[in-house]
Amino acid sequence: MHEFSLAEEVINLAQREAEKNNVNTISEIQIEVGDLSGVEAEAFESALGLLVKDTILNNSKINIIRTPGKGHCNACNLEFEMHHMQASCPHCRAFPSIINGGQEFRVLSLLVE
Amino acid sequence: MCETCGCGDSDQFEIHDPHHTHSHDQSHAHFHAHGGKMHSHSHPHKKVINLNMDILSENNHLAHFNRSFFEEKKVLCLNLVSSPGSGKTTILEKTIHALISTNKIAVIEGDQQTLLDAERIEKSGAPSIQINTGSGCHLDAKMIGSALTKLKVEQNSILFIENVGNLVCPAMFDLGEYKRVVVISVTEGEDKPLKYPYMFQSSHLCIINKADLLPYVDFNTEKAIEYARSINPELEFIILSARSSEGMELWYAWLEKQLKR
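About the criteria used
- Residues numbered from 1 in each chain as written.
- Chains lettered and ligands numbered in written order.
- Predicted model: local features only at pLDDT ≥ 70, side-chain atom pairs only at ≥ 80, totals over all residues.
- Heavy atoms only, no water.
- Helix = DSSP H or I, 4+ residues; strand = E, 2+ residues; numbered from the N terminus.
- Buried < 20%, exposed > 50% of the residue type's maximum accessible area, 1.4 Å probe, protein only.
- Contact = heavy atoms within 4.5 Å.
- Areas by Shrake-Rupley, 256 points an atom, 1.4 Å probe, with all protein chains shown as cover.
- Core = buried A, V, L, I, M, F, W, Y, C linked by side-chain atoms within 4.5 Å.
- Phe/Tyr/Trp six-rings, centres within 6.5 Å; stacked < 30°, edge-to-face > 60°.
- Axes fitted to C-alpha atoms, helices over the stretch in contact; angles between N-to-C directions.
- Parallel < 35°, antiparallel > 145°, perpendicular 65-115°, else oblique.
- Nonpolar A, V, L, I, M, F, W, Y, C, P; charged D, E, K, R; others polar.
- Disulfide = S-S within 2.5 Å.
- 1 Å grid on protein atoms, 1.4 Å probe; cavity = no way out; pocket = protein on both sides within 12 Å on 5 of 7 lines; lining within 4 Å.
- Points joined across faces, edges and corners; volume = space filled by probe spheres on them.
- Pairing = 2+ DSSP bridges.

### Some words on the overall build of chain B
Summing up its helical and strand segments, chain B has eight helices and nine strands in all. The buried share of chain B, reckoned over its 261 residues, is 52%. A separation of at least 24 residues holds for 73% of the contacts in chain B among residues at least 6 apart in sequence. On chain B, roughly 12,100 Å² of surface is accessible, and the fraction owed to carbon and sulfur atoms is 51%.

Here it is in structure tokens:
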């Protein structure tokens, strides 16, 4: 999978933001990983843990926030928790459903010194 | 390196012109960390920077550049994705043979290793460039941007990007294409759309290839379409055989329609 490339993107993004804000230390980074983002959160966290050495994130606390998938049924308008991409509506069994949550994959914030 | 599929550093790629096989550009940084332990400090002068920034924003930004380039030059750029061996290169060879007299076509080939596909494409009569991703399992927008500095892409032309054979990773990386075409073949299971939903969700057209083999395999075409539509109701389908040419005219008609967009 692509979790190593994505972990590198995070390190590069953190480095750019640190330079932009003129800070040398990032004590915490908060990252949101949606359950339907296509990113395996555990694999991503392990990859990031392996790659941070000698980077701006070396001593940073990595705080990963998981966002559950949310679906909307076009047939009966039900909003429901979606555990995978091919989920039918739990009420009327219709699908496809519209995904309206859980595809996030972003850096939320940095705690800097 | 990723233990699942060998995905590695995305900066570690090489671009090869099949006519000049010794180019080695792109210097790259490596990270050789071994389980750096994470801990937080307390410090009196801390502040929070709120970003809410998409982690793929850099790739998306570069993809936007590529897209603007294609729009300016009126290039129809299509990103072909599939598992290995579905027949992408054969589809492209046939397409080039059929359309090169009336269309300007160029191809960017993506593979982990070798120039074999770019050489096949060149033989069919279209200019091509090969990106070798090394340990990487997908093409990204930066690689396409670099390839575009070496490959002559003409005004009012078609540019095919043949992505690395992989139904997982390329789904996340926008290259700046106009549309994404996912290829599956009837020698694969009809449940591919359910197993690899992200790819089918992000594609516009699904080509079901090797249709000449349908009498000999258990592939259920209707089921495959039903599964794919349950993921992506907007997905279009073309059933064809690049080998026997059956159904290829549907693909050419689809291309013609995109050219008139």
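### Some words on the nonpolar core
Of all hydrophobic cores here, the largest spans 34 residues; its most connected members are A:V10, A:I29, A:I31, A:F44, A:L48, A:L57 and A:V107. Those elements that place two or more of their residues in this core are α1 (3–20), β1 (26–34), α2 (41–51), β2 (61–67) and β6 (105–112) of chain A together with β2 (47–54) of chain B. Among the elements that take part in this core, α1(A) stands out by supplying eight residues, more than any other. Apart from residues lying up to four places away in sequence, A:V10 is in contact with A:I29, A:I31, A:F44, A:L48, A:L57, A:V107 and B:I55.

### Details of the packing of aromatic side chains
The final tally for this structure, using the stated rule, is four aromatic pairs over all chains. Geometrically, the ring pair formed by A:F44 and A:F105 is edge-to-face, given 5.2 Å between the ring centres and 80° between the ring planes. Pair noted here: A:F44 is in helix α2 and A:F105 is in strand β6, with a separation of 61 residues, a long-range link. Residues B:W251 and B:W254 carry aromatic rings whose centres are separated by 5.8 Å and whose planes lie at 15° to one another, so their mutual orientation is stacked. A residue pair is termed a helical-turn pair when its members lie 3 or 4 positions apart in one helix, as B:W251 and B:W254 do in helix α8 (residues 248–259) at three residues. A relative accessible area of 5% means that B:W254 is categorised as buried. Among the aromatic residues, ring-to-ring pairing joins B:F160, B:W251 and B:W254 into one connected group.

### With respect to the packing of helix α2 (residues 88–99) of chain B against α8(B)
Residues and elements named next belong to chain B. Packing of α2 against α8 leaves a shortest axis separation of 11 Å and a crossing angle of 70°. By the criterion of interaxial angle, the relationship of α2 to α8 is roughly perpendicular. Each of I91, K94, T95, A98 and L99 in α2 lies in contact with α8, whose residues at this interface are M248, W251, Y252 and L255. Taken together, the residues of the contact of α2 with α8 sort by class into seven nonpolar, one polar and one charged.

### Some remarks on the state of the cysteines
Working definition of a disulfide: a covalent bond connecting the sulfur atoms of two cysteines. Residue and element names in this part refer to chain A. Summed over the entire model, instances satisfying the criterion amount to zero disulfides over all chains. Unpaired in terms of disulfides, C76 finds its nearest cysteine sulfur in C89, a separation of 3.6 Å. Between C92, a cysteine without a disulfide, and C73, which holds the nearest cysteine sulfur, the sulfur-to-sulfur distance is 3.6 Å.

### Topic: the layout of surface pockets
Reported here for the largest pocket is a volume of approximately 650 Å³. Lining the largest pocket are 30 residues, and of these A:L36, A:S37, A:G38, A:V39 and B:Y198 sit closest to its centre. At the level of secondary structure, the elements contributing two or more residues to the lining of the largest pocket comprise β1 and β6 of chain A together with α6 (197–201) of chain B. The element that contributes the greatest number of residues to the lining of the largest pocket is α6(B), accounting for four residues.

### A few points about the sheet that holds strand β9 (residues 236–239) of chain B
Across a sheet, paired strands are connected by hydrogen bonds in the backbone, their directions being either parallel or antiparallel. All names here are of chain B. Spatial ordering of the open sheet is given by β1-β5-β4-β6-β3-β7-β8-β9, a layout of eight strands whose pairing is mixed. Of all the strands in the sheet, the pair left with one neighbour each is β1 (14–16) and β9. Here the average twist between neighbouring strands, direction ignored, is 20°. Here strand β3 (residues 76–82) pairs with strand β6 (residues 157–162) via five bridges, running parallel. Residue L80 lies in a different strand from β6, and its bridge partner there is E162.

### Points about unusual backbone geometry
Residues and elements named next belong to chain A. Notably, N77 is not glycine yet its phi reads approximately 65°, a positive angle. As for its placement among the helices and strands, N77 is situated in the loop between β3 (69–73) and β4 (79–82). Here the phi dihedral of R93 falls at roughly 70°; this positive angle occurs in a residue that is not glycine. Relative to the helices and strands, R93 resides in the loop between β4 and β5 (97–99). A residue is classified by how much of its surface remains accessible, and R93, at 58% relative accessible area, is exposed.

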